[in-house]
Amino acid sequence: MASELRVDKIVPTNGVPANGGGGIVQLTYGSTSSEVPITTTGSWQTVYTSLNSITPRFNTSKILIDMRCCWYQNSQTNGADYFDIRFLRTVGGTTTSIGHSYGYNGWFDSAANLAPMSNNHFQYLDSPGTTDTVSYGFEVYIRGMTSTAISFSYDDGGGNQITTMTLMEVSA
């Protein structure tokens, strides 16, 4: 016979750390291989409005965002492409930029005809303060671009890059 343990909160024996949380209440996973080319520089551009969503059990919970992001420089010939990245949170149709800007992620510099691919890891601990469904995505601010586009989750016809996002509800 299987057993089941149900609790309202998971708290470490010494209490919850000031900048952290207790135990993992639930986890969701999302991914995409849908390519999004960005060609605009000098302003924030949405890449994905929603890569994953979670419905927190408690309005005091925190959400740990863990994202692996893939990109490709289209037709990069000579020079540098670089951009900032930050997360988007959507609750009830309202989207808000959250977290800090991860500056100069995606710095690529080449002196030859090459088009580099990259896969980077980003994390952020959010406090949405709700039990409504919360969706997360991200946006980029391209500071400089010598290629024709920076494509996220690039598809070269022989296989796609996949951008993934895991969301973990952490008890407060």
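Each value, and the rule that gives it
Residues numbered from 1 in each chain as written. Predicted model: local features only at pLDDT ≥ 70, side-chain atom pairs only at ≥ 80, totals over all residues. Heavy atoms only, no water. Helix = DSSP H or I, 4+ residues; strand = E, 2+ residues; numbered from the N terminus. Buried < 20%, exposed > 50% of the residue type's maximum accessible area, 1.4 Å probe, protein only. Contact = heavy atoms within 4.5 Å. Patch = residues over 30% accessible without salt bridge, like charges linked within 9 Å, V, L, I, M, F, W, Y side chains within 5 Å. Areas by Shrake-Rupley, 256 points an atom, 1.4 Å probe, with all protein chains shown as cover. Salt bridge = Lys/Arg side-chain N within 4 Å of Asp/Glu carboxyl O. Polar contact = N/O pair within 3.5 Å; in protein donor to acceptor, adjacent residues only side chain to side chain. Core = buried A, V, L, I, M, F, W, Y, C linked by side-chain atoms within 4.5 Å.

Participant: What is the right way to read the overall build of the chain from this model?
Facilitator: Counting its regular elements, the chain contains zero helices and 10 strands. Considering the chain as a whole, with its 172 residues, one finds that 45% of them fall into the buried category. Here the contacts in the chain between residues at least 6 apart in sequence split such that 82% fall between residues at least 24 apart.

Participant: When you look at a nonpolar patch on the surface in this model, what are you seeing that I'm missing?
Facilitator: Together, Leu5, Val7 and Ile10 line one region of the surface with nonpolar side chains, adding up to about 310 Å² of accessible area. Position of leucine 5 among the secondary structure elements: in the segment before β1 (24-32).

Participant: What's the story with the side chain of glutamate 139 in this structure? I'm lost.
Facilitator: By the element assignment, glutamate 139 lies in strand β8 (residues 134-144). A polar side-chain atom of glutamate 139 sits 2.5 Å from a polar atom in the side chain of arginine 86. Within the local environment of glutamate 139, its side chain forms a polar contact with the side chain of serine 97, the two groups lying 2.5 Å apart. Setting aside residues up to four positions removed in sequence, glutamate 139 forms contacts with Trp44, Gln45, Thr46, Val47, Asp84, Ile85, Arg86, Leu88 and Ser97.

Participant: Which parts of the structure should I look at to understand the pattern of salt bridges?
Facilitator: Side chains bearing opposite charge may pair, as long as their charged atoms lie close to each other. Tallied over the full model, the rule gives four salt bridges. For arginine 86, the salt bridge is made with glutamate 139, and the minimal N-O distance between the two is 2.5 Å. Placement of arginine 86 in strand β5 (residues 79-91) and of glutamate 139 in strand β8 is noted, with a sequence separation of 53 residues between them. According to the relative accessible area criterion, arginine 86 is partly exposed, its value standing at 22%. The exposure class of glutamate 139 is buried, given its relative accessible area of 6%. For the salt bridge of arginine 89 with aspartate 126, the shortest nitrogen-to-oxygen distance reads 2.7 Å. Of this pair, arginine 89 sits in strand β5 while aspartate 126 sits in strand β7 (residues 117-126), and the two are 37 residues apart along the sequence. Aspartate 126 carries the same exposure label as arginine 89, and that label is buried.

Participant: Can you help me understand the side chain of threonine 32 in this one?
Facilitator: Looking at the secondary structure, you find threonine 32 in strand β1. For threonine 32, the side chain forms a polar contact with the main-chain nitrogen of serine 34, separated by 3.0 Å. Setting aside anything within four residues of it in sequence, one finds threonine 32 in contact with Tyr48, Leu51, Ser153, Gln161, Ile162 and Thr163.

Participant: Help me out: how do you make sense of unusual backbone geometry in this one?
Facilitator: The bulk of non-glycine residues show a negative phi, and the bulk of peptide bonds are trans. Backbone geometry at serine 153 places phi at a positive 55°, although glycine is not the residue there. Position of serine 153 among the secondary structure elements: in the loop between β9 (149-152) and β10 (163-170). Of the residues examined, serine 153 reaches a relative accessible area of 0% and is grouped as buried.

Participant: Help me understand the nonpolar core, please; the structure alone is not making it clear to me.
Facilitator: In a soluble, globular protein the nonpolar side chains are often hidden away together inside. Membership of the largest hydrophobic core comes to 25 residues, with the highest contact counts inside it found for Met67, Tyr136, Phe138, Val140 and Phe152. Listed by contribution, the elements that provide at least two residues to this core are β2 (36-38), β3 (44-54), β4 (62-74), β5, β8, β9 and β10. Ignoring anything within four residues of it in the chain, the contact list for phenylalanine 152 reads Ser34, Glu35, Val36, Ile38, Val47, Tyr48, Cys69, Cys70, Trp71, Phe83, Phe138 and Val140.

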